[in-house]
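Fold and contact review
Here is what each chain is made of, one letter per residue.
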Amino acid sequence: MSDENLYDPLKPLPKLNLADKLYKVNFKRGPEAHITLKEESVCLKCVEKPCLNVCPFNVFILEEDKTIVNWDSCGEMGACRVVCPYDNINWGYPAGGFGVSYTYG
Amino acid sequence: MADKVDVIIVGAGPAGSAAALVLARKGLDVALLERGHKPGSKNLFGGILFTTVLSELIPEFLDEAPLERHIMRRKFSLLSKDSELNMEFGTEAFNTPPYNHSFSVFRVPFDEWFAGKAEEAGAMVVPSTVAEDVVWDGDKIIGVKMHGGEELHANVVIAADGVNSLLSEKAKLRQPFNGHSMIMAAKMVIGMPREVIESRFCLEKDEGSATQYFGDAVKGLFGGGFLYTNKESLSIGMGCSVHAMGYSKNKPEEILDHMVEHPCIRKILRGGEILEYSGHMIPEYGYDHMPKLYGNGIMVAGDAAGFVDASHYQEGTNLAMYSGVLAAETFLAAHEKGDYSEASLKQYRTKLENSFVLKDMKKFRKLPEFGKNGDRFFKEYPELFTELMKDYFTMSMQSKHEIEKGVIKKFLKKGKPFRFAMDMIKMIRAVR
């Protein structure tokens, strides 16, 4: 009991992996994907794939060789569209009221 | 037939709500469209809310606005792997109203409150509404088209739709973004009891501090970190150029983890609890790469126009608010003449040029180029100078004279004084 529940101002900040961090954010899944790839084949020939690296929400992941878009946990920041060397991302906003919503911001 | 209002403002952030407030007070028919389920819900920043403009719009803001702490201390910190070299300024002079017009805030409650003031004044706030395109009549913009095809018409559209501003793109006012001058930022809000924050940062009551980090905070990438105190939490985050991030070996959340685990930062965060994780993009392309700010029936304000002072002041929301005010004033003059053409709305640019908005943007116009070529400032120099300090203060049987000589010798060898001097001149030119 007790001791564990006492607040300790010197306790290290707990480490959270990305999934745990994303769990702290509200995502209301929209009726349709607001981010899609224009041509999947274009991603196959892309060597650097900067979209995989740039997104703090890890929306772009690689499954085998294929680039997958996890748009339902997208933070709507737009860096993927800016960084894509082939301009291969159809980028838009989720429908009104859907998508990410913060508590603090 | 689509409904028609006097002005459509897209985006209920600082720019849009400021414009809506001014226009609604003049009795105009204003629609303020917001794509979030309520104003503020999509918004965040890693900054200080400067309130010089807000205090003119809403003089009672000190009592009403959901402010966190007033910033009376600013710190700049160069980090290497195991060292820090800091410069800090604080003054009691900022502890009395109006508190140097500098506050930490949470954007979700603040933006909601601010949009609420526009609504009280008579603006029609329409949440959960995405304006996806502009509506043309010949070469004139006469309204916006929503997700789903419905149209709303107006004499003028004010695009305050944020950093990605799809509307200014559809209105053919902007070029594609450049990844070097767009900053991607990741942030966490860390809950912490008030008394821990106040004792750890040497603060009393609602005093607050702001820190900017350089160097190893972001593994020497083109960018930096920030730390702000709120009432019962800290806002901590990192920002890097989208290009640098995309082509680095690290992911943003890894850089953020690296930052919060840095020995000089982790000690500050002890006893904290992660409350929120968030990300946003910041337009830092500067004065020379802004979109065209007006067209037939349209003006662009706030982040949508790239109004961000990326210098050590780190000012964005204040520029946004004033651009909203000036867009509103431009509309009022145009409305009187009944002329909403590009030629009439050109006044917007003139007003901006005569105000601190574009004067400051102009002053810091060389920053984006400097940053792009400033690798040494983000990596080499923080490492070198913390190392020189470490050498200087390392005790040994060497005489102090020898230690000093050693430090100078290392600076001459590693610092390459001529190149360093040139770099310093470039930096000074970029901020002068």
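Please read these numbers as outputs of a predicted model, since none were measured by experiment.

This brings us to the overall build of chain A. Of the regular secondary structure elements, chain A holds four helices and six strands. The order of α-helices and β-strands along chain A, N terminus first, is α-β-β-α-α-β-β-α-β-β. Its C-alpha radius of gyration of 18 Å places chain A more than 25% over the 13 Å reference for a compact globule of 105 residues. Principal axes of the C-alpha set define a box for chain A whose edges measure 60 × 35 × 20 Å. Across the 105 residues that make up chain A, the buried fraction comes to 49%. For chain A, contacts bridging at least 24 residues in sequence account for 66% of all contacts bridging at least 6. Roughly 5,800 Å² of accessible area belongs to chain A as shown, and the carbon and sulfur atoms make up 50% of that amount.

With 49 residues of chain A at the contact, the number on the chain B side is 64 residues. Across the chain A/chain B interface, buried area totals approximately 4,400 Å², and carbon plus sulfur atoms make up 58% of it. Its largest share of buried area at the contact with chain B, chain A owes to Leu13, Tyr93 and Tyr104 of chain A, together 18% of the area lost on that side. Of the charged contacts, one joins Arg35 of chain B and Glu76 of chain A as a salt bridge, the two residues approaching to 2.7 Å between their closest N and O atoms. The tally of links between chain A and chain B comes to 29 residue pairs in polar contact (both at pLDDT 80 or more).

We now examine the pairing of strand E11 (residues 182-191) of chain B. All names here are of chain B. Burial analysis of E11 places 10 of its 10 residues in the buried class, which makes it a mostly covered element. Burial of E11 is two-sided: the residues Met182, Met184, Ala186, Met188 and Ile190 facing one way and the residues Ile183, Ala185, Lys187, Val189 and Gly191 facing the other way are all buried. Note: E11 against strand E15 (residues 273-283), 10 bridges, orientation antiparallel. In the strand pairing of E15, Met182 is matched with Pro283.

Our next topic: the nonpolar core. With 79 residues, the main nonpolar core has Phe114, Val144, Ile158 and Phe307 of chain B as its most contacted residues. For this core, the element with the most residues is helix H10 (residues 317-337) of chain B, which contributes nine residues. Judged by nonpolar contacts, the second largest core, of 69 residues, contains Tyr93 of chain A together with Ile190, Leu203 and Ala217 of chain B.

Conventions and cut-offs
- Sequence order as written defines residue numbering, which begins from 1 separately in each chain.
- Key to labels: chains lettered from A, ligands numbered from 1, both in the order written.
- Note on the predicted model: pLDDT of at least 70 is required for a residue's local features to be given, and 80 or more for side-chain atom pairs to be given and counted; whole-chain, interface and lining totals, by contrast, use all residues.
- Side-chain figures throughout are based on the complete set of non-hydrogen atoms in the structure, without hydrogens or water.
- Helical segments are the DSSP runs of H or I of at least four residues, strand segments are the runs of E of at least two, and each set is numbered from the N terminus.
- Here the radius of gyration uses the C-alpha set of atoms, whereas the globule reference equals 2.2 Å times the residue count to the power 0.38.
- Summary of the burial criterion: residues with accessible area below 20% of their type's maximum are buried, those above 50% are exposed, and those between are partly exposed, where the area comes from a 1.4 Å probe applied to protein chains only.
- Should any heavy atoms of two residues lie within 4.5 Å, those residues are considered in contact.
- All accessible-area figures derive from a Shrake-Rupley calculation using a 1.4 Å probe, and residue coverage is judged against the displayed protein chains alone.
- Joining two parts hides part of their accessible area as seen by a 1.4 Å probe, and the buried area is that hidden amount summed over both.
- Any Lys or Arg side-chain nitrogen found within 4 Å of a carboxyl oxygen on Asp or Glu counts as a salt bridge.
- For this analysis, a polar contact is any N or O atom pair within 3.5 Å, provided that within protein one partner can donate a hydrogen and the other can accept it, and provided that sequence-adjacent residues contribute only side-chain to side-chain pairs.
- Only strands joined by at least two bridges in the DSSP assignment are considered to pair.
- The criterion is simple. A nonpolar core is a set of buried Ala, Val, Leu, Ile, Met, Phe, Trp, Tyr and Cys residues joined through side-chain atoms within 4.5 Å.

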